[in-house]
Amino acid sequence: MTALLLLLAYLVGALPLGHLLAQRRGVDLRTASPYALGLESALKRLGLWTLVLSFLLDFLKGYLPLLLGRALGLGLGELLALGVAAYLGHLYPVFFRDPWPLRAKGAGVLLGVLAALPLPPAWGMVPVALALTLYALTGYASLAALALPLGLFLVLLGGYAPREKLLGLLLFLLALWRYKENLGRILEGTEPKLGDPLPLPSERQVVCAFLIHPLTVEDFWQSPRFRWMRPLVRLRLLKQAWMERLAELFRPMKVGEVRGVRTADGREVLCHLISAPLLPHQIKAKPDLAVKRAIQGARLAKELGATVVGLGAFWSVVGEKGLKVQEAVPGIEVTNGGAYTAGTVRAAIPQILAHFAQSGKDLKRTTAAVVGANGVVAFGIARQIAPYVGKLILVGRDPERLSRAAESLRRNLERKGEAPEIAVTTDIGAIREADLVFTATSDPNPVIYPEHVKPGAWIYDEGVPPDVHEGVRKVPGVRVIPGGVVRLPGQARATLDLHFGAPDQVPACLAETMILAAEGAFERKSLGGEVKSENIQFFVERAEALGFKVVE
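Residues numbered from 1 in each chain as written. Predicted model: local features only at pLDDT ≥ 70, side-chain atom pairs only at ≥ 80, totals over all residues. Heavy atoms only, no water.

(A) Layout of the packing of aromatic side chains. Applying the stated criterion to the full structure yields seven aromatic pairs. Ring geometry for Phe220 versus Trp221: centroids 6.3 Å apart, planes at 45°, classification tilted. Neither residue differs from the other here; Phe220 and Trp221 are each classed as buried. Where Phe356 meets Trp458, the ring centres are 5.3 Å apart and the plane angle is 85°; that geometry is what we call edge-to-face. Of this pair, Phe356 sits in helix H19 (residues 338-358) while Trp458 sits in strand S10 (residues 458-461), placing them 102 residues apart in sequence. Taken individually, Phe356 and Trp458 each receive the classification buried, so the pair is uniform in this respect. An aromatic cluster is built from Phe220, Trp221, Phe226 and Phe250, whose rings are joined through pairwise contacts. Residue placement shows Arg178 over the ring face of Tyr92; its charged tip is 5.1 Å from the ring centre. Sitting above the plane of the Trp458 ring, Arg479 keeps its charged end 4.7 Å from the centroid. (Phe/Tyr/Trp six-rings, centres within 6.5 Å; stacked < 30°, edge-to-face > 60°. Buried < 20%, exposed > 50% of the residue type's maximum accessible area, 1.4 Å probe, protein only. Helix = DSSP H or I, 4+ residues; strand = E, 2+ residues; numbered from the N terminus. Lys NZ or Arg CZ within 6 Å of the ring centre and 35° of its normal.)

(B) Expanded view of the packing of helix H20 (residues 376-385) against helix H21 (residues 399-416). Between H20 and H21, whose axes approach to 11 Å, the crossing angle comes to 25°. Considering their axes alone, H20 and H21 lie roughly parallel with respect to each other. For the crossing formed where H20 meets H21, the hand is right-handed. Packed against H20, whose contacting residues are Phe379, Ala382 and Arg383, the element H21 presents Ala405, Ala406 and Leu409 at the interface. (Axes fitted to C-alpha atoms, helices over the stretch in contact; angles between N-to-C directions. Parallel < 35°, antiparallel > 145°, perpendicular 65-115°, else oblique. Left-handed = near helix turned anticlockwise from the far one by under 90°. Contact = heavy atoms within 4.5 Å.)

(C) Inspection of the side chain of Gln282 at higher detail. Note on placement: Gln282 falls in helix H15 (residues 280-285). Of note is the side chain of Gln282, whose polar atom sits 3.0 Å from the backbone oxygen of Glu244. In this structure the side chain of Gln282 is engaged in a polar contact, spanning 2.8 Å, whose partner is the backbone nitrogen of Leu279. For Gln282, the residues in contact, after removing those within four places along its chain, are Glu244, Glu248 and Pro277. (Polar contact = N/O pair within 3.5 Å; in protein donor to acceptor, adjacent residues only side chain to side chain.)

(D) Spatial organisation of helix H2 (residues 17-24). Considered for burial, the residues of H2 that qualify are Gly18, His19, Leu21 and Ala22. End-on view of H2: buried residues confined to an arc of 165°, all on one side of the axis. The first or second residue beyond H2 is Gly26, which carries a positive phi of 85°. (Arc of directions from axis to C-beta.)

(E) Spotlight on the pairing of strand S3 (residues 268-275). The buried count for S3 comes to seven of eight residues, which makes it a mostly enclosed element. When strand S1 (residues 205-212) meets S3, the two strands line up parallel, connected through eight bridges. Looking at S3, one finds that Ala209 is bridged to His272. Relative to S3, strand S2 (residues 253-262) runs antiparallel, the two being bridged by seven bridges. Bridge pairing links Glu257 to His272 in S3. In textbook terms, the turn of a hairpin is the stretch between consecutive antiparallel strands, and for S2 and S3 this stretch comprises five residues, one of which, Gly266, has a positive phi near 90°. (Pairing = 2+ DSSP bridges.)

(F) Quick peek at H20. What H20 keeps buried is the set Ala378, Phe379, Ile381, Ala382 and Ile385. Projected onto a plane normal to the axis of H20, the buried residues spread over an arc of 150° and lie on a single side. Where H20 is buried, its residues contact H19, strand S6 (367-371), strand S7 (391-395), H21 and strand S9 (436-439).

(G) Focus on the sheet that holds S6. One open sheet holds the six strands; their spatial order is S8-S7-S6-S9-S10-S11, and the pairing between them is parallel. Edge strands, defined here as strands with exactly one partner in the open sheet, are strand S8 (421-425) and strand S11 (479-482). Ignoring strand direction, the axes of neighbouring strands in this sheet form an average angle of 15°. Along the sheet face, H20 touches S6, S7 and S9 and points at about 160° away from the line of S6. Contacting S7 and S8, H21 crosses the sheet at an angle of about 170° to S8.

(H) Highlighting the sheet that holds strand S12 (residues 485-487). The sheet built from three strands is open, its strands ordered S14-S12-S15 with antiparallel pairing. One side of each edge strand has no neighbouring strand; the edge strands of this open sheet are strand S14 (505-507) and strand S15 (549-550). Across three bridges, the pairing between S12 and S14 is antiparallel. Note on S14: the bridge partner recorded for Val486 is Val506.

Shown next as structure tokens:
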């Protein structure tokens, strides 16, 4: 009979009653969770009565199975087992098969379980008192919810049977695992709490999200939730390969924010930084996993209230450069940031050529090289600089495709009487001849090393991670210019080091995400490999109007 009651408790817990109720009111509960947005934001999106009724339904899912067990004469141990079963059903509902999971936290279920247990009233109030105290002291609803099973476990430590203590611990550990994302945000200082400004889009606030990933193992330690692993890696108690395999198991998580962005027209921009902690070589080596994580990241962005999610660094080429992500998550706009990235490059090239000429160099006697010329951005650079230089070296991995593109470029320039000598190669060593080097690859590792570079050369590096090895800066006279960097308007700062020189400096693809969310011109988003000229011009113009500045 106990087995049947456990199954019944699980099935009752698995009923997505709150979700169905909110759905009937025209709201998706996944985008109105108090544990993602804060209690006040959930109240605004759901309304008081829908939120209260949803919580009451969850309460009954925890309360009724135990009430039935008490009526049948079950003891405290069996009742705790029913509570665990009901909570498991709520966390992992068999009736909900949508690929976008509910990720319910279950504070109402936990309170229902607690209310149905045959504990002395004084002991039964301990978890509730602990929860209310933590909420009053910290303002975090997630800590208050975790205090319920923690308080129950502490009560059970006082004179109850080992089996009952074990079940109480199990209930707490299940809740702890489900609230791990909230605990991580508390450590990072980005968890919404009582009294904070609502993290919701409004006339005065723009909300977007940006998907990032660690560029090196050192980037893992930026988040307090992973920092404890650093000494283990340095002492070689935890191998990097093990850590990488562990990272492949993690779903995307919010790890930071870009705050303090204020556009020229007075609007605030809040950008959530979401990371699926895969290193660049893992994203390239496991494309199916990368697409899965990018889709999950876009869903999390939607849960956090964002209207647009940008794909940063190597995420920008995942899933046909965002097309598969947008198809899987139609409820949020997805951009790979290609248009404004191309716009910043287009704006930077004339300035670089002008400064180079002012340094006493004759451009028509200059040899320039473009690395990664099979790519859209790099070949765009080649088209832009070709009329001004004496010789152009195109470096890429697909010689046949590169030769066809070079021939097309040569014919176009010959018609205008501006054709330089154009060479095509797959050998990176060929750039040692170049006085000017422009590089924009999607390689996870540096491709340009000191032995490849001519002393005195200027190098414009558009790669993320950088294409240029740190040692190149030690070559005499070499100047390395980072590309695609934008300074945000207002008192902006990222809570993480994004590796763009200053807390208010970000990649152009992140700036495009913000501009797209601010302007609502979603038809301008960058998806796939094609970048339209009119979209490039749109982002360049709107960026200037809103106060975004390209870093020279």
